[in-house]
Amino acid sequence: MAFARVLERIDNKLMRQMGMKKQLKRGVQTAFMFGTGFGKVGFGGFYAPTPSSESTMFDKKGNLVEYRERTSPNMPWFSNLHPGSVIVPDGLMDYSASRWVVHQIERPLDDIRSDQRFENTTGLKSTSSESFKPGDRRHEKMGLLYEVRDAKTQTVFVIAPDKDGDKIIFFGHDDLQDKGFPIRPLVFNEDDEFFWGVPDSQILEPYQLEINEIKTQMMKHRRIAIVKILVRERAMEIADAEKLVSEDVAAVAFVKGDPRAIVQVMQASTIPVDLFRAAEAIVQDVRETVGFSRNQFGEFNSRSGDTTATEANIVRQASEIRVDERRDMIADMIVEVMETVHQIIFKF
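Calculation notes
Residues numbered from 1 in each chain as written. Predicted model: local features only at pLDDT ≥ 70, side-chain atom pairs only at ≥ 80, totals over all residues. Heavy atoms only, no water. Patch = residues over 30% accessible without salt bridge, like charges linked within 9 Å, V, L, I, M, F, W, Y side chains within 5 Å. Areas by Shrake-Rupley, 256 points an atom, 1.4 Å probe, with all protein chains shown as cover. Salt bridge = Lys/Arg side-chain N within 4 Å of Asp/Glu carboxyl O. Helix = DSSP H or I, 4+ residues; strand = E, 2+ residues; numbered from the N terminus. Pairing = 2+ DSSP bridges. Axes fitted to C-alpha atoms, helices over the stretch in contact; angles between N-to-C directions. pLDDT = per-residue confidence, 0-100. Contact = heavy atoms within 4.5 Å. Buried < 20%, exposed > 50% of the residue type's maximum accessible area, 1.4 Å probe, protein only. Core = buried A, V, L, I, M, F, W, Y, C linked by side-chain atoms within 4.5 Å.

Engineer: Whenever I open this one, a nonpolar patch on the surface confuses me. Can you help?
Structural biologist: Among the surface-exposed residues, V227, I229, V231, L244, V245 and V265 lie close enough to one another that they form a single nonpolar patch of about 500 Å² accessible area. Tracing the sequence through the fold places V265 in strand 10 (residues 263–266).

This is the structure:
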C-alpha cells in the first residue's frame, strides 16, 4: 500500500507536468469533429522514436533540436495527435489487432539533419514547396517523416521519403510497445465496418443545415417586415423626405399636392410563427440525439407544478448514463497511457 501511494503521487505529478488535461481536451474535440482522436506517449523527446540511454535532444553544437513544450530529457510526455497524421492498415476494424501503426511527422529539415538520433540524413531534400507567397508564416524548408511501429517484430523505424527513394534514417527495438502501441485511439461512436469512428459533427450536420436554412428565412422575413415609405417622384424635396425618418418629433415636411396621394407607408407581415416552431422542433431533435435536456444545456425548463425529487433523480440518472459512457472511455485511455508511462519509468 505504501508503494501504491508513492506511485499515485508520482502519477499525479507526471500528469500535471505532461499537461495531460489539455491534451485530453484536444483529443475529445478531435474525436467530436473527426470521429477518432489519438494520444501518443513518448520519452525523452517528441521526435525520439524510442527511449535511449543518452540524452539526444541536442546537436553537435549544443543547440536544441527539440524545443517542444513539456518535453525534456529522460522524462515521459503525452500529446494529442490529429487523425490526419495517423495511418493504419487499410480496412482495419480492431485497432488491437493491427500489426503496425504510422505517425506522419513534419518538422524543419535542418532539425532532421542535425538530430543525432537519425542516420543517413545528409542528402535529404525538402518535401515542402520552394516558393513562398508574401505573408506566408512558414519560410523554412520542411521534411516529412513516417514513424512506423511494428507489433510483430517489436521494432520502430523512421522513413524519410525522398526524390531519389525512401531512406530509413532510424531502426531499432521499440521499448514503448510493452503495453501495446504507444499511440492510443479515442472513439466515441463506433463504426460497424471500419476502425475509424463516426464523428458527432457528421451526425449533427443535417440538423445544423436545417437550422441555418430556417434562420436565413427568418432574416429575409425580418428585412421584408421593416417599415418602408413610398413617395411619388419629384413630389417632395430631399430635405423634407429626410424629416420623415428623422428623430425629431412632429417634424413638418412640405409636399407638392395631396399628401395622401403622394406619401404611402408600406409594411409587410411579420415573421411567420411556423418558422419558430420548426426551429424549436429541430433543436429538440438535437437534444434527443446528444442525450441532453434543456436544463442540462444550461437553460431553465419552466413547467406548471413542482418537479418531484423522484422525477429529477430519474432525469439525472438517465443523463449520467450517457455522460458516463464517454467518461469511461477517457478514463480507460488515461489508464492505458499511465500503464505505458509506468513501464517507461520503471525501465529507465
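Engineer: Please clarify how the sheet that holds strand 1 (residues 37–43) should be interpreted in this entry.
Structural biologist: Across a sheet, paired strands are connected by hydrogen bonds in the backbone, their directions being either parallel or antiparallel. Pairing is antiparallel in the open sheet, where 3 strands are placed in the order 2-1-8. Both outer strands of the open sheet, strand 2 (76–81) and strand 8 (183–186), are each paired with one neighbouring strand and no more. This sheet shows a mean twist of 20° between the axes of neighbouring strands, independent of strand direction. Of the strand pairs in this sheet, strand 1 and strand 8 are connected by 4 bridges, and their pairing is antiparallel.

Engineer: I tried to follow the confidence of the model for the protein on my own but got confused; where do I start?
Structural biologist: Caution applies to low-pLDDT parts of the model: their predicted coordinates are not meant to be read in detail. Residues with a pLDDT of 70 or more make up 86% of the protein, whose mean pLDDT is 85. The weakest mean pLDDT in the protein belongs to helix 8 (residues 309–347) at 80; the strongest belongs to strand 3 (residues 86–87) at 96.

Engineer: Help me out: how do you make sense of the environment of K347 in this one?
Structural biologist: Along the chain, the position of K347 falls in helix 8. With 296 residues separating them along the chain, K347 and P51 place their C-alpha atoms 9.8 Å apart. Every residue in contact with K347, bar those within four places of it in the chain, is listed here: D175 and D178.

Engineer: Can you walk me through the pairing of strand 2 in this structure?
Structural biologist: Along any regular strand the residues' side chains alternate between the sheet's two faces. Of all 6 residues in strand 2, 6 are buried; the element is thus mostly enclosed. Here strand 2 shows no split at all, with P76, F78 and N80 on one side and W77, S79 and L81 on the other all buried. For strand 1 and strand 2, the ladder comprises 6 bridges, and the chain directions are antiparallel. Within the sheet, the bridge partner assigned to G39 lies in strand 2 and is N80.

Engineer: Explain the pattern of salt bridges here, please?
Structural biologist: Pairing between side chains becomes possible if they bear opposite charge and their charged atoms approach one another. One pass over the structure, following the stated rule, counts 15 salt bridges. Note that D175 and K347 form a salt bridge whose closest N and O atoms lie 2.9 Å from each other. Linking D175 in the loop between strand 7 (167–173) and strand 8 with K347 in helix 8, this pair joins segments that are 172 residues apart in sequence. Under the relative-accessibility criterion, K347 is labelled partly exposed at 45%. When the shortest N-O distance is used, the salt bridge between R326 and D200 registers 2.8 Å. Linking R326 in helix 8 with D200 in helix 4 (residues 200–224), this pair joins segments that are 126 residues apart in sequence. A single salt-bridge network, built from bridges that share partners, covers K40, E147, R149 and D174.

Engineer: Explain the nonpolar core here, please?
Structural biologist: Side chains of a nonpolar character, in soluble globular proteins, are inclined to be buried together. Among the nonpolar cores identified, the biggest contains 24 residues, and V88, Y95, V101, F118, L145 and I169 are the most heavily contacted of them. Taken together, the elements giving at least two residues each to this core come down to strand 2, strand 4 (100–108), helix 3 (109–114), strand 6 (155–160) and strand 7. For this core, the element with the most residues is strand 6, which contributes 3 residues. Discounting residues that sit within four places of it in the chain, V88 has contacts with Y95, W100, V101, F195 and W196. Grouped together as the second largest cluster of nonpolar side chains are 17 residues, M18, M20, L24 and I344 included.

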